[in-house]
Amino acid sequence: MARKAARAAKVRSEIGQPRSLYDCPQWYDIVHEAGTAAEVTQLQRINKKYGTGGRRWLEPACGTGRFLRVLANRGCQAVGYDASPIMLDYARRRLRARGLNAQLCPGDMATFVRPRTFDIAFNLINTFRHLLDPLEALAHLNCIARSLKRGGVYVLGIDLVDYDDPQPGEEVWVARRGRCKVRHVMFSIPPERRRRRERIINHLIVDTPSGRSTYESHYDLLSYNLAEWLYLLEESELNCIAAYDFDWQPIDITGYTRDVNLILARKSSR
Ligand SMILES: C[S@@+](CC[C@H](N)C(=O)[O-])C[C@H]1O[C@@H](n2cnc3c(N)ncnc32)[C@H](O)[C@@H]1O
């Protein structure tokens with residue numbers, strides 16, 4: 001009897017609790033879609049100012065394709081790849097439902113390369129930090145460098161850390177689509193200098209006409225202080241040509257910089 005109950009609980013938990021935030025693409029998309037069009041406008045501005053201004057775009061780890069939909073709608077030729085088949089499947093269905101065209105494929109940030117193909121690539125909100133091994137992070141930067149056309153740029157959004165002043169964080173997003181309301185509460189536990197792992201804990205609270213569901217999951221991100229980031233960049237085939245804060249105001253990078261959108265270009269192409 002006890003064994004049966006335990007098995008039932010396990011099955012329930014496997015059904016009700018996703019292994020990761022990225023097993024819930026529809027909730028992720030609802031809660032993070034707002035603001036996407038404005039971000040794309042900023043990226044287009046960056047493309048004109050620092051890049052070729054061309055129409056071939058790449059989004060590594062594109063998730064639900066919220067950026068790709070906006071780009072496709074604005075006439076860009078966008079390619080996105082992701083490691084999660086669940087996210088990709090959702091992205092494909094949303095594009096199709098809107099009659100939009102973007103190329104989607106499975107791929108890993110550490111290995112995906114399309115030589116000299118793209119005018120601009122972008123990877124915002126710390127997605128790059130999912131690469132937990134610095135060698136994979138380096139491989140990713142070099143894959144991007146090789147995938148950019150001459151004069152192309154890579155826009156990379158990351159948070160830098162100060163190990164001497166670690167800040168736990170909490171962010172909340174709430175959004176509605178139709179009769180569905182989603183609340184995403186994200187806690188972060190700061191990294192230790194030696195392990196360089198920031199723990200992100202995600203709570204999703206979803207209200208639909210049939211009731212409330214809650215999901216909890218977590219993942220780790222590799223952390224970078226300024227010196228660790230500069231070392232990685234120095235080793236790579238990219239360099240930094242400009243920096244912006246997350247509100248797209250230009251900034252100089254200092255030891256106090258935390259959230260930064262970096263504009264990177266091939267070392268050899270300028
Ligand atoms: C925070 S989401 C970002 C999705 C999308 N770029 C956006 O801004 O909405 C992170 C995405 O990275 C993907 N991902 C994580 N590690 C990856 C890897 N090594 N290679 C490719 N995709 C990865 C996840 O599946 C997830 O879709």
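What you see is a predicted model; the values in this text were computed from it and never measured. (Residues numbered from 1 in each chain as written. Predicted model: local features only at pLDDT ≥ 70, side-chain atom pairs only at ≥ 80, totals over all residues.)

Draft legend 1. Region of interest: the packing of helix α4 (residues 66-73) against helix α5 (residues 85-97). Close contact between α4 and α5 brings their axes to 10 Å; oriented N to C, the two are set at 30°. It follows from the interaxial angle that α4 and α5 lie roughly parallel. The two elements α4 and α5 meet at a crossing, and its hand is right-handed. In this structure, α4 uses Leu68, Arg69 and Ala72 to contact α5, whose residues at the interface are Ala91, Arg94 and Leu95. In terms of residue class, the contact of α4 with α5 is made up of 4 nonpolar, no polar and 2 charged. (Axes fitted to C-alpha atoms, helices over the stretch in contact; angles between N-to-C directions. Helix = DSSP H or I, 4+ residues; strand = E, 2+ residues; numbered from the N terminus. Parallel < 35°, antiparallel > 145°, perpendicular 65-115°, else oblique. Left-handed = near helix turned anticlockwise from the far one by under 90°. Contact = placed C-beta atoms within 7 Å. Nonpolar A, V, L, I, M, F, W, Y, C, P; charged D, E, K, R; others polar.)

Draft legend 2. Representation of the domain arrangement of the chain. Each domain of the chain was delimited in the assignment, giving domain 1 (21-162 + 223-269) and domain 2 (163-222). Taken over C-alpha atoms, the centre of domain 1 sits 21 Å from the centre of domain 2. Contact with domain 1, which involves 17 residues of that partner, is made by 23 residues of domain 2. Here the side of domain 1 that touches domain 2 gets 4 residues from one element, more than from any other, and that element is helix α2 (residues 25-32). Of the residues assigned to the side of domain 1 that touches domain 2, the class counts are 10 nonpolar, 5 polar and 2 charged. (Domains from an automatic or database assignment.)

Draft legend 3. Representation of the site of the ligand within the structure. Within the structure, the ligand sits among 17 residues, and Ala61, Gly63, Ala83, Ser84 and His130 are positioned closest to it. Among the residues making up the shell around the ligand, the classes are represented as 9 nonpolar, 5 polar and 3 charged. (Near = placed C-beta within 6 Å.)

Draft legend 4. Layout of the confidence of the model for the chain. Averaged over the chain, the pLDDT score is 93; the fraction of residues at 70 or greater is 93%. Counted against residues more than four places away or in other chains, residues 8-15, with its pLDDT under 50, gives 0 contacts. (pLDDT = per-residue confidence, 0-100.)

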